[in-house]
Amino acid sequence: MGKVFIAADGSAHSKRALEKAIQLAKASDATIDLVHVVSAKESKEAALNSTGKIDLETKRKRMLQPLFDLIESAGVEYEYIELRGEPDVELVKYANHEPYEYVVGSRGLNAFQEFVLGSVSHKLAKRALAPVIIVK
């Protein structure tokens, strides 16, 4: 049984990417690794607006819960992996740590933002060893 890697941040873009990952997993009888990276910026902002570690984890789970619900309602096995660091670096490193059938990401930046900032999905597409699918 293979695995499909999905980078998720709880956005509408990552939900659409997850829908594609579910289709791929069902078609290839694979499981899904749902990977979320907590960046330093996200940690700092969350810490400033929370009352403690449990509150932070609760908010993160609430943000990602629609994604968990989507996978569970589709009947696909999955594992949630939470990483810490810079999303582009950590996602590429994790995507390459084992053989995935597919790596799925979403593109949430507009053309100007992508030009100035680069995109995590673009870096995944360039550096991941498995075939990469970017969902708009």
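Our structure is the block above this text.
Before going into details, it helps to say that this report is about the structure given with it. On a predicted model such as this, the values are computed, not experimentally measured, just so you know.

About the cut-offs
Residues numbered from 1 in each chain as written. Predicted model: local features only at pLDDT ≥ 70, side-chain atom pairs only at ≥ 80, totals over all residues. Heavy atoms only, no water. Phe/Tyr/Trp six-rings, centres within 6.5 Å; stacked < 30°, edge-to-face > 60°. Helix = DSSP H or I, 4+ residues; strand = E, 2+ residues; numbered from the N terminus. Buried < 20%, exposed > 50% of the residue type's maximum accessible area, 1.4 Å probe, protein only. Axes fitted to C-alpha atoms, helices over the stretch in contact; angles between N-to-C directions. Left-handed = near helix turned anticlockwise from the far one by under 90°. Contact = heavy atoms within 4.5 Å. Nonpolar A, V, L, I, M, F, W, Y, C, P; charged D, E, K, R; others polar. Pairing = 2+ DSSP bridges. Salt bridge = Lys/Arg side-chain N within 4 Å of Asp/Glu carboxyl O.

1. Looking at the packing of aromatic side chains
For any two aromatic rings, the description comes down to two numbers: the centre-to-centre distance and the angle of the planes.
Right, so step 1: In this structure the tally under the stated criterion is 4 aromatic pairs.
Right, so step 2: Their ring planes at 70° and their centres at 5.4 Å tell us that Phe5 and Tyr100 sit as a pair that is edge-to-face. Placement of the pair is Phe5 in strand E1 (residues 3–7) and Tyr100 in the loop between helix H4 (87–95) and strand E4 (102–106), with a sequence separation of 95 residues.
Right, so step 3: Accessibility expressed as a relative area gives 0% for Phe5, which makes it buried.
Right, so step 4: Residue Tyr100 is classed as buried on the basis of its relative accessible area, which comes to 6%.
Right, so step 5: When the centroid spacing of 5.9 Å and the interplanar angle of 15° are considered together, the rings of Phe68 and Tyr78 count as stacked. Of the two residues, Phe68 sits in helix H3 (residues 53–74) while Tyr78 sits in strand E3 (residues 78–84), which places them 10 residues apart along the sequence.
Right, so step 6: Of the aromatic side chains, those joined through ring pairs into one cluster are Phe5, Tyr94 and Tyr100.

2. A look at the packing of H4 against helix H6 (residues 120–127)
Right, so step 1: Interhelical geometry of H4 versus H6 gives an angle of 35° and a closest axis separation of 9 Å. Regarding H4 and H6, the two cross each other, and that crossing is right-handed. Across the interface between the two elements, Pro87, Asp88, Leu91, Val92 and Ala95 from H4 touch Val120, Lys123, Leu124 and Arg127 from H6.
Right, so step 2: Here the contact of H4 with H6 is composed, by residue class, of 6 nonpolar, no polar and 3 charged.

3. Section: the pairing of E4
Right, so step 1: Of all 5 residues in E4, 4 are buried; the element is thus mostly enclosed.
Right, so step 2: Two elements, E1 and E4, share 3 bridges in a ladder whose sense is parallel. Note that in E4 the partner of Val4 across the bridge is Tyr102.
Right, so step 3: Of the pairings in the sheet, the one linking E4 to strand E5 (residues 132–135) comprises 4 bridges and is parallel in character. Bridged to Gly105 within E5 is Ile134.

4. Topic: the pattern of salt bridges
Right, so step 1: Counted under the stated rule, the structure contains 5 salt bridges.
Right, so step 2: Among the ionic pairs, Lys123 bridges to Asp88, the shortest N-O distance being 3.0 Å. Here Lys123 is found in helix H6, whereas its partner Asp88 is found in helix H4, with 35 residues between them in sequence.
Right, so step 3: Looking at Lys123, the relative accessible area reads 22%, which means it is partly exposed.
Right, so step 4: When its relative accessible area of 16% is taken as the criterion, Asp88 is described as buried.
Right, so step 5: Its salt-bridge partner being Lys93, residue Glu90 comes within 3.6 Å of it at the nearest N-O pair. Of this pair, Glu90 and Lys93 both sit in helix H4, separated by 3 residues, roughly a single helical turn.
Right, so step 6: By relative accessible area, which is 17% here, Glu90 ends up buried.
Right, so step 7: Salt bridges sharing common partners tie together Lys3, Asp33 and Glu98.

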